[in-house]
Number of protein chains: 2
Amino acid sequence: MAQINPVVGDIAGNAKRILSWTAKAKRAGAQLVLFPELTITGYPPEDLLLKPGFIDDNLKALKSLARKITGITAIIGFVDRDADIFNAAAIVHNGKIAGIYHKMYLPNYGVFDEQRYFQAGTTPLNFVLNGVTIGVGICEDIWYPEGPARIQSLAGAELIVNLNASPYHMGKAALREEMLITRARDNEVMIAYNNTVGGQDELVFDGRGLVIDEKGSILARGRAFEEDLILTDIDIDHIHMARQHDPRRRELKRSTPADAVRLIELPAIKRKLRPPAIPKTKAIPLEEAEEVLQALILGTRDYVRKNGFTHVAVGLSGGIDSALVAAIASFALGSDKITCVAMPSRYTSKASVVDAEKLAKNLGIKLLTVSIEPAFNQYLKMMKGPFKGLKPNKAEENMQARIRGNILMALSNKFGWLVLTTGNKSEMSVGYATLYGDMAGGFAVIKDVPKTLVYAVSEHINKRAGKTLIPARILTKAPTAELRPNQTDQDTLPPYEILDKVLKAYVEDDKSSDEIAAMGFRKAIVKKIARMVDLSEYKRRQAPPGIKITPKGLGKDRRMPITNRYSDKSK
Amino acid sequence: MAQINPVVGDIAGNAKRILSWTAKAKRAGAQLVLFPELTITGYPPEDLLLKPGFIDDNLKALKSLARKITGITAIIGFVDRDADIFNAAAIVHNGKIAGIYHKMYLPNYGVFDEQRYFQAGTTPLNFVLNGVTIGVGICEDIWYPEGPARIQSLAGAELIVNLNASPYHMGKAALREEMLITRARDNEVMIAYNNTVGGQDELVFDGRGLVIDEKGSILARGRAFEEDLILTDIDIDHIHMARQHDPRRRELKRSTPADAVRLIELPAIKRKLRPPAIPKTKAIPLEEAEEVLQALILGTRDYVRKNGFTHVAVGLSGGIDSALVAAIASFALGSDKITCVAMPSRYTSKASVVDAEKLAKNLGIKLLTVSIEPAFNQYLKMMKGPFKGLKPNKAEENMQARIRGNILMALSNKFGWLVLTTGNKSEMSVGYATLYGDMAGGFAVIKDVPKTLVYAVSEHINKRAGKTLIPARILTKAPTAELRPNQTDQDTLPPYEILDKVLKAYVEDDKSSDEIAAMGFRKAIVKKIARMVDLSEYKRRQAPPGIKITPKGLGKDRRMPITNRYSDKSK
């Protein structure tokens, strides 16, 4: 299994990747090489799929690839067209396209919109290679017990190969593994599950391909968050034994129409096969903070790299959020590829200045300091007339954040740097952020990381480094936006331990205020939080994309109307 | 037909609206009153549909409504739940829910995501009221020749009532009308097509309900962009005559299973019916510029009103875009509900200052002037160090736009005003706009209006007013962003007559560069434009929503990846 990192839209580049990984697999002695879902286009291509020229280009690339791939069988994801378009897999065998499968189950929930684009396939496909019957499936197909794998195995498949682009979220790896083990056992079939790897806008694909035998034992496991060639030698003899001793199977097979599965026999390829040296792949379960960190690093690196940037800028406040983002960026790109910018004001504490400096030094990142005071003073004068007789309020507070946004964007415009924003999921959920201020930037690294997890990941970074990369005081002091004297987050927000739990229930689990209150939170607090979430939808709509790490992020996962009068008050 | 304007999420308010319009219909002598699609929730409720509590609340509202509606039959749109959820219509008859229909065709393209939420219905429904057989359908159902209306009319329906939330775009009214006329004739059936009206985020619903007889003649037509009660007296006798003389129909009916359509007989309601005074509704075809203007006015008014704002701010540059937005806002809200803000700099021409003042005066809008120079000077000083040795470029240009954004947002934060942005579709398509600068604001009124149409609508405003509300020079001078000396848009962009045609082909029609060049444009220009569109996706992702007026807007209609290496260069 070639667990590779394609780039969306980069048809020529992805074709090259397919060729070089096919060569690698051949060199390693493989007879069959499996690529991820929509290998040629990258996943998800979104509305590029509505461009007829894009489909043409991807079809041309497949044909050209097929001519070049010889001496091996490769299963390649692409977009097929036949009256409609299909999320498809081509069986490329020794210089020819020997068969094409169309994905039958099209996800259209969460971040997925496949029914916007594709027609569903209707016919499962098995092919025979060197005496082994192999069923082809694509991603969602394997998630249904009644999906094609069932009938494919009844029709004789000993191995199901499944092409995936399965986005990461915390806990998903375990979900997948349990499901695949059950599917393998239920159907007495081996499963080779190959996942794409890499970042694409708000999604991160974590790889971690799996080869599982018919008893549910894991034979091989791909690396997490990295490209990998997963080699396995499979033995199908005991499958026949097991199946012959299973009376339920005979019963089921009798009621399955003989022509329900299309069957393709591939001619033998004559070449000397060196017995592959199979690396014993061990399970390397990642602890949560490390897994999240790796997802954030890969998501950041790929957004920067795939969009053609070489350098990023991060506004450093001396607080935990910007410290974490700077650390992630330094791991993703190297410290010399980041410029941190401290932008103090009259409200910036000495501690913040010191902590920001210390952090930059610890990470080896260049720190630029630009005081916002000269501009802030002018704004206050400029608005003296319009604001006459009115007390300072969030207008003056947000002004400061927007001056900082302007400085960062000026650096971006001058030097071609990408600005990383530093807002976390707790803030983004309740709108505790300044639009065009601290929300200004191209990529929101920790947008889906709740504040309590921001602390956990930051602490993990120090633990992992074996030294306090992130200064201790940053981890312990009370969080503050420093936009007015003696401000702390908790002037406006409930404690983060409470806030994050209520937000999970309200935003991720769609619970009502009553249900959340029944979990043990004060009704007034729950209502306040829910209202803050509802009223800040307009801010999130204008936020940059950020990496999804929870089951429900604040991007394509959650599509709320801005104009929306629904709330507990309507009861 | 009650062509009403519900508010998304406002279940209690929408229920009230249903009651008051039902009473109105009753007073007018109607026996049947038809509401729009998803009347109780508003359309589209988007991910509110994933909240179980929201579905509960809507079901409770329906039950309560049913008890209160007596002496008349009402067809009300709501979300039904039965293992899954359905886009549904309830037949409320004299205090009871007499039947429920589930929408069978669920659109999942363009701005629609109905397969994300709903299960499709499987059974067409007819009901008999006072001897007339009436088939119920919801929106998309009627767009397919093989849809439920076909079988409903074969099973005896003389009238099809269709509940809609059909969003406006230019030319859609004619499309709808032609389709409905054909559908009526093909099925020898009368059609009552009721559409919602009002703005909801980027969508505007234009009303214009239609009652069509079986010969395709229009019996009644609802107002455009306004609420309306559309009264029609229908006569079904000639339908029977026509059907009896149609041999094809007899043939078709023979092959239709008798139980394919569910039939409900409603008991008669005993009440004195005054013969309704039927207003002869004439076709009032709107000329394009007027139609677009009305859509923009309603979209703006409803976004402001439904989100609880009472006042808006518009930055006035002296150019055509901000002039048009100010004019639209004044028509939508009244001149006293807008504050215009002129924010001149060293590059602002005397003409711009004069034109902005003149426009504000003509529209009766208060004009605030805040020079950006004091802040701009400070920024230049603050960035002197970091920018040392580098020539001024877009960094200094965008700085100015972002100072303006900061001023407008400070006013917004201080006074609770909504900032309207002024970018047009041509600019937004190629990214000729400053993120967090002129793109800063809550609602982008003319985001889907190409520059050439901006001129046409502006000229129309003067024509319609019978005086030059928008000063003549604004309509004739060369467009410029005035961010550097002697700048004009055409330094960077091709002439708008060419740009807009190429953009329509590339953005709306998804044509390739080769195809567009073949239409008669220089290949180099086409490639340049396509590249500008592709590279500015990240800006559009952070833009405020704006009113869709073309078949393909830049919002939910177009879902492009930001990370995207596809372009002609990959060929």
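Since we're looking at a predicted model, the values are computed, not measured.

A. Spotlight on the overall build of chain A. Along its length, chain A carries 19 helices and 20 strands. Here chain A has a C-alpha radius of gyration of 27 Å; the compact-globule value for 571 residues is 25 Å, and the two agree. Considering only C-alpha atoms, chain A reaches an extent of 85 × 55 × 50 Å along its principal axes. Of all 571 residues assigned to chain A, the portion counted as buried reaches 56%.

B. Here's a closer look at unusual backbone geometry. Residue and element names in this part refer to chain A. Look at the link from Tyr-43 to Pro-44: it is a cis peptide, with omega at -10°. As for its position among the elements, Pro-44 is in the loop between strand S2 (32-34) and helix H2 (52-68). Even without being a glycine, Leu-38 presents a positive backbone phi close to 45°. Turning to its location among the elements, Leu-38 is positioned in the loop between S2 and H2. Using a count of 29 C-beta atoms within 10 Å as the deciding quantity, one classes Leu-38 as buried.

C. Layout of helix H9 (residues 320-333) of chain A. Residue and element names in this part refer to chain A. Taking 1.5 Å per residue, 14 residues should reach 20 Å; H9 reaches 20 Å between its end C-alpha atoms and fits that length. Buried residues dominate H9, accounting for 14 of its 14 residues. Taken from the residues just after H9, Gly-334 is the one with a positive phi, measuring 100°.

D. Inspection of the relation of the copies chain B and chain A at higher detail. It takes a turn of 180° to lay chain B on chain A, together with a shift of 0.0 Å along the axis; the resulting RMSD is 0.0 Å. Overall, the copies show the geometry of a two-fold rotation axis. Ranked by how close their C-alpha atoms come to the rotation axis, the residues of chain B are headed by Gln542(B), at 2.1 Å. Same-surface contact between copies: 100% of interface residues of chain B are shared with the interface of chain A.

E. Seen up close, the packing of helix H16 (residues 496-508) of chain B against helix H18 (residues 523-535) of chain B. All names here are of chain B. Packing of H16 against H18 leaves a shortest axis separation of 10 Å and a crossing angle of 65°. Considering how the two elements wind past one another, H16 and H18 form a crossing that is right-handed. Contact residues: H16 offers Ile-498, Leu-499, Val-502, Leu-503, Tyr-506 and Val-507, while H18 offers Ile-525, Val-526, Ile-529, Ala-530 and Val-533. Classifying every residue of the contact of H16 with H18 gives 11 nonpolar, no polar and no charged.

F. Structural view of the interface of chain B and chain A. Counting from both sides, the interface comprises 72 residues of chain B and, opposite them, 73 residues of chain A. Going through the elements one at a time, helix H1 (11-27), helix H2 (52-68), helix H3 (114-117), helix H8 (288-306), helix H11 (373-382), helix H12 (394-415) and helix H19 (537-541) of chain B are the ones with two or more residues in the side of chain B that touches chain A. Of the residues forming the side of chain B that touches chain A, the biggest block, 12 residues, is contributed by H12(B).

G. Expanded view of the sheet that holds strand S20 (residues 443-444) of chain B. Residues and elements named next belong to chain B. One open sheet accounts for 5 strands, arranged S18-S17-S16-S19-S20; its pairing is parallel. What marks the edges here is a single partner per strand, and that holds for strand S18 (366-369) and S20. Summarising the sheet, strand S17 (residues 338-342) and S18 pair through 4 bridges and their orientation is parallel. When the sheet's bridge partners are listed, Ala-342 is paired in S18 with Thr-369. Against the sheet, H12 makes contact with strand S16 (312-315), S17 and strand S19 (418-421), and its axis sits at roughly 165° relative to S16, the strand it touches most.

H. Geometry of the domain arrangement of chain A. All names here are of chain A. Parsing chain A into structural domains produces domain 1 (2-265) and domain 2 (288-486). Taken over C-alpha atoms, the centre of domain 1 sits 41 Å from the centre of domain 2. Contributing elements (two or more residues each) for the side of domain 1 that touches domain 2: strand S10 (197-200) and strand S11 (203-206). Each residue belonging to the side of domain 1 that touches domain 2 can be placed in one class, and the counts come to 6 nonpolar, 2 polar and 1 charged.

I. Spotlight on the pairing of strand S3 (residues 73-82) of chain B. All names here are of chain B. Among the 10 residues that make up S3, 8 are buried, leaving the element largely enclosed by the rest of the structure. Pairing of strand S2 (residues 32-34) with S3 involves 3 bridges; the strand directions are parallel. The partner of Val-33 across the bridge, within S3, is Ala-74. Direction of pairing for S3 relative to strand S4 (residues 84-93): antiparallel, over a ladder of 10 bridges. Counterpart to Gly-77 in the pairing with S4 is Ala-89. Where S3 folds back onto S4 in an antiparallel hairpin, the turn is made up of 1 residue, including Ala-83, whose phi is positive at roughly 70°.

J. Spatial organisation of helix H16 (residues 496-508) of chain A. All names here are of chain A. All of the buried residues in H16 are Tyr-496, Leu-499, Asp-500, Val-502, Leu-503, Ala-505, Tyr-506 and Val-507. Of the surrounding secondary structure, the elements contacted by the buried residues of H16 are helix H13 (425-430), helix H14 (451-465), helix H17 (513-518) and helix H18 (523-535). Downstream of H16 by one or two residues, Asp-510 has phi in the positive range, about 55°.

K. Summary view of the sheet that holds strand S5 (residues 96-102) of chain A. All names here are of chain A. Spatial strand order, S2-S3-S4-S5: 4 strands in an open sheet with mixed pairing. Where the open sheet ends on each side, the last strands, each with one partner, are S2 and S5. Between one strand axis and the next, the sheet turns through 40° on average, direction left out of account.

The rules behind the values
- Residues numbered from 1 in each chain as written.
- Chains lettered and ligands numbered in written order.
- Predicted model: local features only at pLDDT ≥ 70, side-chain atom pairs only at ≥ 80, totals over all residues.
- Helix = DSSP H or I, 4+ residues; strand = E, 2+ residues; numbered from the N terminus.
- Rg over C-alpha atoms; globule rule 2.2 N^0.38 Å.
- Buried ≥ 20, exposed ≤ 12 C-beta atoms within 10 Å, placed from the backbone.
- Expected span 1.5 Å × (residues − 1).
- Least-squares fit on C-alpha atoms with pLDDT ≥ 70 in both.
- Contact = placed C-beta atoms within 7 Å.
- Axes fitted to C-alpha atoms, helices over the stretch in contact; angles between N-to-C directions.
- Left-handed = near helix turned anticlockwise from the far one by under 90°.
- Nonpolar A, V, L, I, M, F, W, Y, C, P; charged D, E, K, R; others polar.
- Pairing = 2+ DSSP bridges.
- Domains from an automatic or database assignment.

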